[in-house]
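# What the coordinates show
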Amino acid sequence: MKITAPKISDSVPTEYDIMKLIRTAGENDRPVSGVRFKDLWLESEDISYLSFENVIFENCRICDCDFEKTSFTDAVFDKCDFSNNDFNGSYFCRCDFNSGKLVGSQFRDVIIKEMSLKATSMTYAVMSDCRISSAQMLSCDLSNAEIIKCSLKAFSVSSCRFAGVSFFGTPLGGIDFSDSLLTGIKVSEGFRELKNAVVSAEQAAELALLMGIKIK
């Protein structure tokens, strides 16, 4: 699957004081745009209701922050820890997450378009009522995450871990899990989420046990 890459300017200045830019953007009702944030460390800050455009986050640790209804357009997150953040109601378009963490973060009622996640840990993350289109996950760990009542269109995974994931109310038809770890998942009683999902023979055997089917 081809995902549209973020449109980042050839040269963006490096900024080490994100809160200064955030305050200025909030006061002037303008997006934070055309900047690279590097080696930042933030905790428990309010970064809600803002827009980030044409930005790079590099080697940043921004955790336990409020990103409610924040939008990210043409953004790259490289080797960043964004764990335990609140992204509820946010919007992501043409974003890349590379070798980072989104552990325990909350994504409720989020819109995601044209996103790539590579070697990113999303263990214990919660995604519910999200609309996701044109997105891919490569070598990501979603163990014990919740993906509940989400709409997944043009969505692909490869070499990912889905151990103990709850997919309740999320149709998985057309998604190829065959080269990923798919074990101990949780679905509704009728198993309707699994209709037309693509799995390996080994995965099919485990899912059969989940459904109460005995294999000789």
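Everything discussed here concerns the structure shown above.
Parameters at a glance
Residues numbered from 1 in each chain as written. Predicted model: local features only at pLDDT ≥ 70, side-chain atom pairs only at ≥ 80, totals over all residues. Heavy atoms only, no water. Pairing = 2+ DSSP bridges. Helix = DSSP H or I, 4+ residues; strand = E, 2+ residues; numbered from the N terminus. Contact = heavy atoms within 4.5 Å. Axes fitted to C-alpha atoms, helices over the stretch in contact; angles between N-to-C directions. Buried < 20%, exposed > 50% of the residue type's maximum accessible area, 1.4 Å probe, protein only. Arc of directions from axis to C-beta. Salt bridge = Lys/Arg side-chain N within 4 Å of Asp/Glu carboxyl O.

In this section: the sheet that holds strand β6 (residues 71–78). Taken in spatial order, the eight strands make up an open sheet running β1-β2-β4-β6-β7-β9-β11-β13, and their pairing is parallel. Two strands close off the open sheet at either side, each with one partner strand: β1 (14–15) and β13 (151–158). Two elements, strand β2 (residues 32–38) and strand β4 (residues 51–58), share six bridges in a ladder whose sense is parallel. In the sheet register, valine 32 faces β4, and the bridge partner there is phenylalanine 52. Contacting β1, β2 and β4, helix α1 (residues 18–28) runs over the sheet at an angle of about 165° to β2.

Moving on: α1. At 3.6 residues per turn, the α-helix brings residues three or four places apart onto the same side. Along α1, the positions that sit buried rather than exposed are Ile18, Met19, Ile22 and Ala25. Along the axis of α1, the buried positions cluster into a sector of 125°, meaning they face one direction only. If you follow the buried residues of α1, they end up packed against β2, β3 (41–43), β4 and β5 (61–63). Phi turns positive one or two residues past the end of α1, at aspartate 29, with a value near 50°.

Under the defined criterion, the tally for this structure stands at six salt bridges. For aspartate 74, the salt bridge is made with arginine 94, and the minimal N-O distance between the two is 2.6 Å. Remark: arginine 94 occurs in strand β7 (residues 91–98) and aspartate 74 occurs in strand β6; sequence separation between them is 20 residues. The exposure classification of aspartate 74 matches that of arginine 94, with both residues buried. Between aspartate 141 and arginine 161 there is a salt bridge, and its shortest N-O distance comes to 3.8 Å. Residue aspartate 141 is found in the loop between β11 (131–138) and β12 (146–148), and its partner arginine 161 is found in strand β14 (residues 161–163); the two are separated by 20 residues along the sequence. Owing to a relative accessible area of 22%, aspartate 141 belongs among the partly exposed residues under this scheme. We classify arginine 161 as partly exposed; its relative accessible area is 40%. A single network of salt bridges, built from pairs that share partners, joins Glu43, Arg61 and Asp81.

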